[in-house]
Amino acid sequence: MTLSEPEEGRRIEPEGERSVPSSGLPASDDGRPDHNTGLSRAYLLAQRAARALVRGVHTNWRRSLYLRVISTTLVLSLLVMAGLGYVLISEVRGGLLEAKVNAAVNDHRAGLSYALAELQENESSDRDRLLNNIARELTSRSGETGLYGVVVLPSVSDERGWATVDEDTVNESVPERLVEQVRHTEAPDQQYHTYTRIETEDGTVEPALVVGAQLTHAYELYYVFPLQHEQEILDLVQNTVALVAVLLVILLGLIAFMITRMVVTPVRSAAQSAERLASGDLAERMTVQGEDDLARLAVSFNDMAGNLQEKIQELEELSKLQRQFVSDVSHELRTPLTTIRMAGDLLFDDREELDASHRRSVELLQSQVERFEELLADLLEISRHDAGAATLGTESADIRDSVMKAVGDAEQIAERRGIKVVLRLPAEPCMAEFDTRRINRILRNLVVNAIEHSEGRDVVVAAAGDRDAIAVAVRDYGVGLKEGEEHLCFDRFWRADYSRVRTTGGTGLGLSIAKEDATLHGGWLQAWGLPGQGSQFRLSLPRRAGAELRGSPLPLVPPEIALGRNFTSLGEPTVKARGGTDDEEAS
């Protein structure tokens, strides 16, 4: 900021300057960007670096509380200091100029009075010599420092003027606009002032104040006051304010850093402790320091972690007791069940000798005893899975043999319901390492469930394999599954329709055990279904025991459903499929 505004300059653009294409790349002669030049490559590298920098700053801004608090503090401090500095410098500048104008007007009025008095007392003397003496006398009053210069200009063209400043800069020192104001004033003693710039002896240009008034009808008196001293004071104030602003902003940044550190460090410690607690380290606790709000946060976190640990331990003990209870009850029930089984077998063998009502009772007793045995076996299997005691007896086998055995076991059920089981097996063997007993149980359960829910329609069983995995999909066209039931169907004792009667005597634990067996193999057991469109269950296993399963050779969503969904843009009705993609792991 300076004491007077410089004159506006005119900016002329060179005619020969070439325009830059809108793409920002240098253009070739035919108007297309030349990507083969070094300038193009440098521009592209700079563009990539700028984008990477912007992404990095954006990421750090979102993740770092330090950066947000300190940056916000610095920006707000800069804005406040800029505003305060502008107001302060404006006030200082206004005060300096106002004091200078008052002093200059007073000096000019005194000189004007002296000159008028001299002209009135010496009317008959040499006018040129008198004006020259007056100009020198008025200049001598400014002192040795040259407080101001005196200029006497003629109001008529046939007169000459006097000046104690450089004659070459008289016209520049006294602006034309001030001369016009003085000459056209109606009050002879009316003073006018304006700002201008003068050139010093060393060639530098500095601001100045010019005060003028009419001396007589033929002459005008002007005082030229250099403002170098005021400009030096203003520069000193500006530099001082800028230095203080920079130091204050740095100090505020350090203060913000320290305060943020005091708050963020305990918060980060709490976040790390919460992460370790969530990962299963129930013994994790925060360090309590002091008695402030952060200390109360640490105490509350530790209390929460302690209560959570106690509750989890209680639940683990309860779960152990429940598993032990189920296991003990299952074992204890085997003894009376064996006795009942023996008696039931004797009655069942002699059922032909009984009348019709007693024969029906014996057959019903036999079927329920068999179902009771299955339930006890499933309960024992579930308890082994819950206790983590289930083991695998893996061997290399062909999945096609397991499919054929499962279909053969369910053949009588399918014949009674008039359902045809369609097999789509590969021609080549699909060998893999798995526990044949558990996989046969999974497939038999899936096939029986598909027959029960197929609503009299055919059931399709398909198998396939690739380099890393094998899969079996069981598809029915029955009632299907509602939204969300593709996960609920693996819950224990869950039934989609509680009013529906089980015709195959299932225990309600088959799919739960199948899910556990598949997970024990490191595989997936997933379900898909739509109301009225049927359902499909897919078992996927890695070829090698212990290998990670990354995908399945069979799709979870049937191909006809997936194709119908893809053709919705052609006007076909929308078909919504659920259950995930081929490579989606069952949750």
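Participant: Got a sec to walk through the packing of aromatic side chains? Specific residues and values, please.
Facilitator: For the structure on display, the rule yields two aromatic pairs. When the ring of tyrosine 223 is compared with that of phenylalanine 225, the centres are 5.9 Å apart and the planes differ by 55 degrees; the resulting orientation is tilted. Comparing tyrosine 223 with phenylalanine 225 shows no difference in burial state: the two are buried. Look at phenylalanine 490 and phenylalanine 537: their rings are 6.1 Å apart centre to centre, the planes differ by 80 degrees, and that puts the pair in the edge-to-face class. With phenylalanine 490 in the loop between helix H12 (485–488) and helix H13 (510–520) and phenylalanine 537 in strand S12 (residues 534–542), the pair connects residues that are 47 residues apart, well separated along the chain. Residue phenylalanine 490 shares its accessibility class with phenylalanine 537, and that shared class is buried. Positioned over the ring face of phenylalanine 348 is arginine 351, at 3.8 Å from the centre of the ring. In this structure, lysine 515 packs its charged tip against the face of phenylalanine 490, placed 4.9 Å from the ring centre.

Participant: Summarise the pattern of salt bridges; cite the residues concerned and give the values.
Facilitator: For side chains of opposite charge, pairing can occur when their charged atoms come near one another. Under the criterion given, the structure shown has 13 salt bridges. Across the pair glutamate 220 and arginine 183 runs a salt bridge, and its minimum N-O distance is 2.7 Å. Of this pair, glutamate 220 sits in strand S5 (residues 219–226) while arginine 183 sits in helix H5 (residues 176–183), placing them 37 residues apart in sequence. Taking the relative accessible area as the measure of exposure, glutamate 220 reaches 0% and is therefore buried. For glutamate 363, the salt bridge identified is with arginine 351, shortest N-O distance 3.8 Å. Here arginine 351 lies in the loop between helix H7 (293–349) and helix H8 (356–386) and glutamate 363 lies in helix H8, a separation of 12 residues in the sequence. Under the relative-accessibility criterion, glutamate 363 is labelled partly exposed at 31%. Here the salt bridges do not stand alone but share partners, grouping Asp435, Arg438, Arg441 and Asp517 into one network.

Participant: Which residues make up the confidence of the model for the protein chain, and what are the values?
Facilitator: Per-chain confidence: the protein chain averages 78 in pLDDT, with 80% of residues scoring 70 or above. Low pLDDT (under 50) marks residues 4–30, which in the prediction has 25 contacts with non-local residues, meaning those over four places away or in another chain. Note that pLDDT drops below 50 for residues 566–587; the model gives that stretch 52 contacts with residues more than four away or on any other chain.

Participant: Quick rundown of the sheet that holds S12? Include the residues and the values.
Facilitator: On the basis of which strands lie adjacent, the open sheet formed by five strands has the order S7-S9-S10-S12-S11 and mixed pairing. What marks the edges here is a single partner per strand, and that holds for strand S7 (421–424) and strand S11 (524–530). In this sheet, neighbouring strand axes are inclined to one another by 15 degrees on average, regardless of whether the strands run parallel or antiparallel. Both S7 and strand S9 (residues 459–465) contribute to a ladder of four bridges, which runs parallel. By the bridge assignment for S9, valine 421 is matched with valine 459. Strand contacts of helix H9 (residues 399–409): S7, S9 and strand S10 (469–476), with the helix running at about 175 degrees to S7, the strand carrying the most contacts.

Participant: Can you explain the environment of arginine 544? Please cite residues and give values.
Facilitator: Topologically, arginine 544 is positioned in the loop between S12 and helix H14 (559–566). As a C-alpha pair, arginine 544 and phenylalanine 434 span 110 residues in sequence and 8.2 Å in three-dimensional space.

Participant: If you had to explain unusual backbone geometry to someone new, which residues and values would you point to?
Facilitator: Most peptide bonds take the trans form, and the phi angle of most residues other than glycine is negative. The phi dihedral of glutamate 455 is positive, around 60 degrees, even though this residue is not glycine. Take glutamate 455: it is sitting in the loop between helix H11 (436–452) and S9. Exposure remark for glutamate 455: the relative accessible area of 41% places this residue in the partly exposed category.

Participant: Go over the pairing of S11 with me, naming the residues and quoting the values.
Facilitator: Within S11, seven of the seven residues are buried, which leaves the element mostly enclosed by the surrounding structure. Covered by surrounding structure in S11 are Trp524, Gln526, Trp528 and Leu530 together with Leu525, Ala527 and Gly529, the residues of both alternating faces. Linking S11 back to S12 in an antiparallel pair, the connection comprises three residues, with glycine 532 at a positive phi of about 80 degrees.

Participant: Explain the packing of H9 against H11 to me, and be specific about the residues and the numbers.
Facilitator: It is the contact of H9 with H11, at a shortest axis distance of 8 Å, that shows an interaxial angle of 50 degrees. With respect to each other, H9 and H11 are oriented oblique. Relative to H11, the crossing made by H9 is right-handed. For the pair H9 and H11, contact is made by Ile399, Ser402, Val403, Lys405, Ala406 and Asp409 and by Ile439, Asn440, Leu443 and Arg444, respectively. Residues belonging to the contact of H9 with H11 are distributed by class as follows: five nonpolar, two polar and three charged.

The rules behind each value
Residues numbered from 1 in each chain as written. Predicted model: local features only at pLDDT ≥ 70, side-chain atom pairs only at ≥ 80, totals over all residues. Heavy atoms only, no water. Phe/Tyr/Trp six-rings, centres within 6.5 Å; stacked < 30°, edge-to-face > 60°. Buried < 20%, exposed > 50% of the residue type's maximum accessible area, 1.4 Å probe, protein only. Helix = DSSP H or I, 4+ residues; strand = E, 2+ residues; numbered from the N terminus. Lys NZ or Arg CZ within 6 Å of the ring centre and 35° of its normal. Salt bridge = Lys/Arg side-chain N within 4 Å of Asp/Glu carboxyl O. pLDDT = per-residue confidence, 0-100. Contact = heavy atoms within 4.5 Å. Pairing = 2+ DSSP bridges. Axes fitted to C-alpha atoms, helices over the stretch in contact; angles between N-to-C directions. Parallel < 35°, antiparallel > 145°, perpendicular 65-115°, else oblique. Left-handed = near helix turned anticlockwise from the far one by under 90°. Nonpolar A, V, L, I, M, F, W, Y, C, P; charged D, E, K, R; others polar.

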